[in-house]
Amino acid sequence: AQDPLDFEWSYWIEWGRERILWLLAGHLLVSQMCRLFVEKYKPWCLMVYGMAACCFLLGIKGFAVILVHAAVSFAVAQFQIPLLTWLCSLLLLSTLRIPAVEEAKRKWYDTENEYYLLLFTVSVRCLFYTSFSLEYCWHGHAQKSAHSLLWMLAYVFYYPMFHNGPLMNYDEFSEQMRKQEAFSLKTNLGILIMGIIRIFFWWCLAELMIHLMYIHAICSSSSPLEAMSYWALGGLALAQVLFFYVKYLVLYGVPALLLRMDGLKPPALPRCVSLMHSFTKMWRSFDVGLHHFLVRYIYVPMGGSQSSLPGMLFSTALPFAFVSYWHGGQSYLWYWATLNWLGVIVENGVKRILSVSLVQDLI
């Protein structure tokens, strides 16, 4: 029997087997046909397919929620005030936490799993329409054709990244989607076969860990944890993060393969956590798409490393605050974000101290 207590893995594998993998296969078929015959209209064909897949999985009401969120964000972006766009996005995100709205949405579906799919999808879509709207604020007047409502919908409803990411900022997506590169069905077939073999290996490894190691079951009860030595607890913590890494190789590997088949360059897959020795490196190279989003839209606009020490502390804290709020805003997430922020601050502080010539001479 397998360890059933990793909700995320069980949830996405179940949805994948039932419907999502079939819909991704449909996307692949449509995109390859477009690349063969109507490359010019590929973004719009994929947009229509994404909308149809959304309606099929989330129903007309779920589709309408995502469409309304995107339309509101686009309307607010017309003012070209980034702060206003951010307030709009946070307000739309906060509607997911209103109990009355939650109850109303639950009634649209027969099962909790279907409601959660809407919740996860809308949360991820928030990052996408925020990226588009902020790019519009910065470049909208200069590049009107690239920042139309149609392009926003093509980006928001692009299906491989629809339910769970990974995240690709709008400027990268738009630039790559507009390129009409030479297409070889034979080359793409080779990429597909190698990609499937690699993902199948990762999936088998994750399933082995779930069936043999029972990491999550052990962590769910306090009595075995209290009986363990510190070495055993350290090993258990390492096993947890290694499983998390393998899990996301699968969950991000599938959409990344489809992005490559579409002629796009996906964000790099997570790097093995065993190779990490710093908080900063972990944040930069685990979820690369999310990191690029946080740096481009929060850290740099707030001053980043160019600001004073208090300014840098604040601009470093904001991305962590946003990530914890976006994930649900529960108290344990705020503790997690605070500890990560402190880890990054301490590392950067030590790095600055070590860069002083006097200290280097002493070393």
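Everything quoted here is computed from the prediction, not taken from an experiment.

Engineer: Even after reading the chapter, I still don't get unusual backbone geometry, so can you show me in this structure?
Structural biologist: Residues apart from glycine generally show negative phi values, whereas peptide bonds are mostly found in trans. Residue Gly165 is joined to Pro166 through a cis peptide bond whose omega torsion reads 5°. By the element assignment, Pro166 lies in the loop between helix H6 (149–156) and helix H7 (170–178). Here Gln80, not a glycine, exhibits a phi torsion of approximately 55°, which is positive. Among the secondary structure elements, Gln80 is positioned in the loop between helix H2 (42–77) and helix H3 (82–94).

Engineer: Where do I start with the domain arrangement of the chain in this structure?
Structural biologist: How big an interface is tends to be expressed through the accessible area that disappears when the partners come together. By domain assignment, the chain separates into domain 1 (7–179) and domain 2 (268–362). For domain 1 and domain 2, the distance between their C-alpha centroids amounts to 27 Å. If you look at the interface, domain 1 gives 19 residues, while domain 2 gives 12 residues. For the pair domain 1 and domain 2, the summed buried area comes to about 1400 Å², and 63% of that belongs to carbon and sulfur atoms. By the criterion of area lost to domain 2, the three top residues of domain 1 are Trp86, Arg97 and Leu127, representing 36% of everything that side buries. If you look at where domain 1 meets domain 2, you find 2 salt bridges. Linking Arg296 and Glu135 is a salt bridge whose minimum nitrogen-to-oxygen distance equals 2.6 Å. Applying the counting rule to domain 1 against domain 2 returns 7 residue pairs in polar contact (both at pLDDT 80 or more). Secondary structure elements with two or more residues in the side of domain 1 that touches domain 2: H3, helix H5 (112–139) and H7. Ranked by residues supplied to the side of domain 1 that touches domain 2, first place goes to H5 with 9 residues. For the side of domain 1 that touches domain 2, the residue count by class is 9 nonpolar, 6 polar and 4 charged.

Conventions and cut-offs
Residues numbered from 1 in each chain as written. Predicted model: local features only at pLDDT ≥ 70, side-chain atom pairs only at ≥ 80, totals over all residues. Heavy atoms only, no water. Helix = DSSP H or I, 4+ residues; strand = E, 2+ residues; numbered from the N terminus. Domains from an automatic or database assignment. Contact = heavy atoms within 4.5 Å. Buried area = accessible area lost by both parts, 1.4 Å probe. Salt bridge = Lys/Arg side-chain N within 4 Å of Asp/Glu carboxyl O. Polar contact = N/O pair within 3.5 Å; in protein donor to acceptor, adjacent residues only side chain to side chain. Nonpolar A, V, L, I, M, F, W, Y, C, P; charged D, E, K, R; others polar.

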